Amino acid sequence: MTQFHTLRWRVYSLPPQRTRTTCPRTKYNNMTDIEERQSLLGNVNGESEAEEPGKQMSAISDPTRLLHRIVVLIFMCFLGFGELSVIYVVIFAAGALLNRFWLMEVGRFVFGIGGESLSVAQNTYAVNWFKGKELNLVFGLQLSMARLGSTVNMNIMGWVYSRVADLIGSKGPSTLGTALMIGTVFTCFFSLVCALVLGYLDRRAERILKKEQGKTGEVIKLTDVKDFPLSLWLIFIICVGYYVAIFPFIGLGQVFFIEKFNFSPAEARAINSVVYIISAPASPILGFLVDKTGRNVIWVMCAVVTTLAAHMMLAFTFWNPWIAMSLLGVSYSLLACALWPMVAFVVPDHQLGTAYGFMQSIQNLGLALISMAAGAILDNRGYLFLEVFFCACICISLIAVVVLYLVDFLQGKDEGAVDVTFGLDFRVL
Ligand SMILES: C[C@H](NC(=O)[C@@H](N)CCCCN)C(=O)O
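Per chain, residues are indexed from 1 in the order of the written sequence. In view of the model being predicted, local features appear only for residues whose pLDDT reaches at least 70, and side-chain atom pairs are presented and counted only at 80 or more, with totals across whole chains, interfaces and linings using the full set of residues. Where side-chain values are given, they derive from all heavy atoms of the structure, hydrogens and water being excluded.

**Concerning the packing of helix 9 (residues 247–261) against helix 10 (residues 265–272)**
(1) Moving on: Here an axis means a line fitted to C-alpha atoms, over the contact stretch when the element is a helix, while the angle between two N-to-C directions is reported on a 0 to 180 degree scale. A run of H or I in DSSP counts as a helix once it spans at least four residues, and a run of E counts as a strand once it spans at least two, with each numbered from the N terminus. Contact geometry for helix 9 and helix 10: axes closest at 8 Å, N-to-C directions at 140 degrees. Our classification of the angle between helix 9 and helix 10 gives oblique. Regarding helix 9 and helix 10, the two cross each other, and that crossing is right-handed. The residues of helix 10 that touch helix 9, namely those facing Ile 250, Gly 253, Gln 254, Phe 257 and Ile 258, are Pro 265, Ala 268, Arg 269, Ile 271 and Asn 272.
(2) Moving on: Note that Gly is not counted as nonpolar here; it falls among the polar residues with everything else outside the nonpolar set of Ala, Val, Leu, Ile, Met, Phe, Trp, Tyr, Cys and Pro and the charged set of Asp, Glu, Lys and Arg. A per-class count over the contact of helix 9 with helix 10 returns six nonpolar, three polar and one charged. When an angle is under 35 degrees it counts as roughly parallel; over 145 it counts as roughly antiparallel; between 65 and 115 it counts as roughly perpendicular; any other value is oblique. Note: crossing handedness is left-handed where the near helix turns anticlockwise from the far helix by less than a right angle, and right-handed where it turns clockwise. Whether two residues are in contact is decided by their heavy atoms: any pair within 4.5 Å suffices.

**Quick notes on the nonpolar core**
A general tendency of soluble globular proteins is for nonpolar side chains to be buried together.
(1) Moving on: The term nonpolar core refers to a set of buried residues drawn from Ala, Val, Leu, Ile, Met, Phe, Trp, Tyr and Cys, joined through side-chain atoms within 4.5 Å. Buried means the residue's accessible area, taken with a 1.4 Å probe over protein chains only, is under 20% of the maximum for its type, while exposed means over 50%, and partly exposed covers the values in between. If you look at the biggest cluster of nonpolar residues, it comprises 95 residues, and the most contacted ones within it are Tyr 243, Phe 249, Phe 257, Val 300, Met 325, Leu 339 and Val 343.
(2) Moving on: With eleven residues, helix 16 (residues 383–414) is the largest single contributor of residues to this core.
(3) Moving on: With residues near it in sequence (within four places) discarded, Tyr 243 still touches Pro 248, Tyr 332, Leu 335, Ala 336, Trp 340, Gln 363 and Leu 367.
(4) Moving on: Residues Tyr 88, Phe 92, Val 164 and Leu 180 belong to the second largest nonpolar core, which totals eleven residues.

**What to know about the confidence of the model for the chain**
(1) Moving on: Of all residues in the chain, 79% have pLDDT values of 70 or greater, and the mean over the chain is 80.
(2) Moving on: A residue's pLDDT is the confidence the predictor assigns to it, expressed on a 0 to 100 scale. In the predicted structure, residues 417–429 sits below a pLDDT of 50 and forms 52 contacts with residues beyond four places in sequence or in another chain.
(3) Moving on: Across the interfaces of the predicted complex, the ipTM metric reaches 0.95, alongside a pTM of 0.79.

**Some details on unusual backbone geometry**
(1) Moving on: The backbone phi angle of Asn 262 is positive, close to 55 degrees, even though this residue is not glycine.
(2) Moving on: Positive phi, normally seen in glycine, also occurs at Arg 295, with a value near 55 degrees.

**What to know about the environment of Trp 159**
(1) Moving on: Mapped onto the elements, Trp 159 comes out in helix 6 (residues 135–168).
(2) Moving on: A relative accessible area of 54% places Trp 159 in the exposed class.
(3) Moving on: Counting along the chain gives 27 residues from Trp 159 to Gly 132, while the straight-line C-alpha distance between them is 43 Å.

**Brief notes about the packing of aromatic side chains**
(1) Moving on: Each Phe, Tyr or Trp ring, with Trp reduced to its six-membered ring, pairs with another whose centre is within 6.5 Å; inter-plane angles below 30 degrees give stacked pairs, above 60 give edge-to-face pairs, and intermediate values give tilted ones. Applying the stated criterion to the full structure yields 26 aromatic pairs.
(2) Moving on: With centroids separated by 5.8 Å and ring planes inclined at 40 degrees, the aromatic side chains of Phe 236 and Phe 358 adopt a geometry described as tilted. Placement of Phe 236 in helix 8 (residues 230–243) and of Phe 358 in helix 15 (residues 352–381) is noted, with a sequence separation of 122 residues between them.
(3) Moving on: Accessibility expressed as a relative area gives 2% for Phe 236, which makes it buried.

**A look at the side chain of Ser 331**
(1) Moving on: Secondary-structure assignment places Ser 331 in helix 13 (residues 321–339).
(2) Moving on: For the purposes of these results, a polar contact is taken to be a pair of N or O atoms within 3.5 Å, where, inside protein, one atom must be able to donate a hydrogen and its partner to accept one; residues adjacent in sequence count only when each atom of the pair is a side-chain atom. A distance of 2.8 Å separates a polar atom in the side chain of Ser 331 from the backbone oxygen of Leu 327.
(3) Moving on: Once you skip the residues sitting within four places of it in the chain, Ser 331 turns out to touch Tyr 242, Ala 303, Thr 306 and Thr 307.

**Focus on the pattern of salt bridges**
(1) Moving on: Salt bridges are defined as contacts in which a side-chain nitrogen from Lys or Arg sits within 4 Å of a carboxyl oxygen from Asp or Glu. Counted according to the given criterion, the structure contains four salt bridges.
(2) Moving on: Asp 349 is the partner of Lys 131 in a salt bridge, and the nearest nitrogen-oxygen pair spans 2.7 Å. In this pair, Lys 131 is assigned in the loop between helix 5 (101–130) and helix 6 and Asp 349 in the loop between helix 14 (343–346) and helix 15, connecting sequence segments 218 residues apart.
(3) Moving on: For Lys 226, the salt bridge is made with Asp 227, and the minimal N-O distance between the two is 3.8 Å.
(4) Moving on: A relative accessible area of 64% places Lys 226 in the exposed class.
(5) Moving on: On the basis of relative accessible area, Asp 227 is assigned to the partly exposed category, the value being 36%.

**Notes on the UniProt feature "transmembrane region" (unreviewed entry) in the chain**
(1) Moving on: Per the UniProt record, "transmembrane region" (unreviewed entry) is annotated on residues 70–98, 179–201, 230–250, 270–290, 297–316, 322–346, 358–378 and 384–407.
(2) Moving on: Secondary structure content for residues 230–250 is 86% helix and 0% strand, and the end C-alpha separation is 30 Å.
(3) Moving on: For residues 384–407, the end-to-end C-alpha separation is 35 Å, with 100% helix and 0% strand making up the annotated structure. UniProt positions are given in the numbering used here, feature names are shortened, and annotations may be inferred rather than shown by experiment.

Next up, the structure:
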């Protein structure tokens, strides 16, 4: 199993023209070949339908062509634009309309289920369509669109609320509920339409590329989790250790800037949102950079170290916090577009959904627990302790990424492929 994952790591992280096939052959390697050929970049015979006699397809409708994949990418990105589950939003809006807080909480619960599942589906689609090509860029673009969606949402919803209040003539739960319902129509149904189109295009590509024929017969099982390789568990640890020092920090950040740096509420809001604002334009650019250079692990390592430096600046210095927050914005964007695609390098295709689902479950479990712990630390010990706590979480992530590097290095050595690990001949890490 180990060899398989190591090999996949290599095959999928290499730019296509540099892919090598000289690693030891195992049954898993053969399976890898089949999976690779059945990816949406080509059918089992390496042909597209357009290449078959009498079946000419235009570039835009041929699933093997870049133009078609760009169309798919547009729908994939807009799928995350709403990033809300329709049934969520309706329950939440109904809670606001009826002035029932518990109903709004139920809505948040359903939103958690819907939003995160959407993310799992989005990641899996991205790998399916862009594996071995522009995968890091695609993850960066998806993140960028999600951030853009949140920004548009934050800016537009206040305006919608005011317009509804003008129409109804009062400000209250029914105004909030109506404004949320309008938001639902414009964002969630838009996302839903994208999901339906994407589903159709995916099925169509499967049919055209005869993907069924190339299937390995592997069945998806929840028990796959116990066979996950060490590399994947290390990716999970990096993910949890890192994100618990980002999302909860931003959640509590506004008061931090007011208390430690004497910022006004407006200034504190502005600096607190800079991480997400930077990530919108930076993620695709950094994703492109990672695609061009390879070596995802090294990039993740840089991102983790830079984030640690930013948190340490915030914790132990009174330097202008815009510097630390801008650094955090860039490093977060880099990590997001280099870490998530790595899952595709270490698990077989049929386990991708399970792996992404599991990664997000663990991430959210960590976020839920650490958010509570962070609140308690803040109440009892103050901001310095909280920052030290976040630094400790990032150190866990850093240890995991170093171990991941070493694991891949040692596995490469086992297979007589030291050059691959160090990326002398092949840009793997
Ligand atoms: C890419 C990464 N994604 C996540 O953390 C997922 N759990 C989806 C989060 C969706 C937030 N509403 C990220 O956002 O950095």
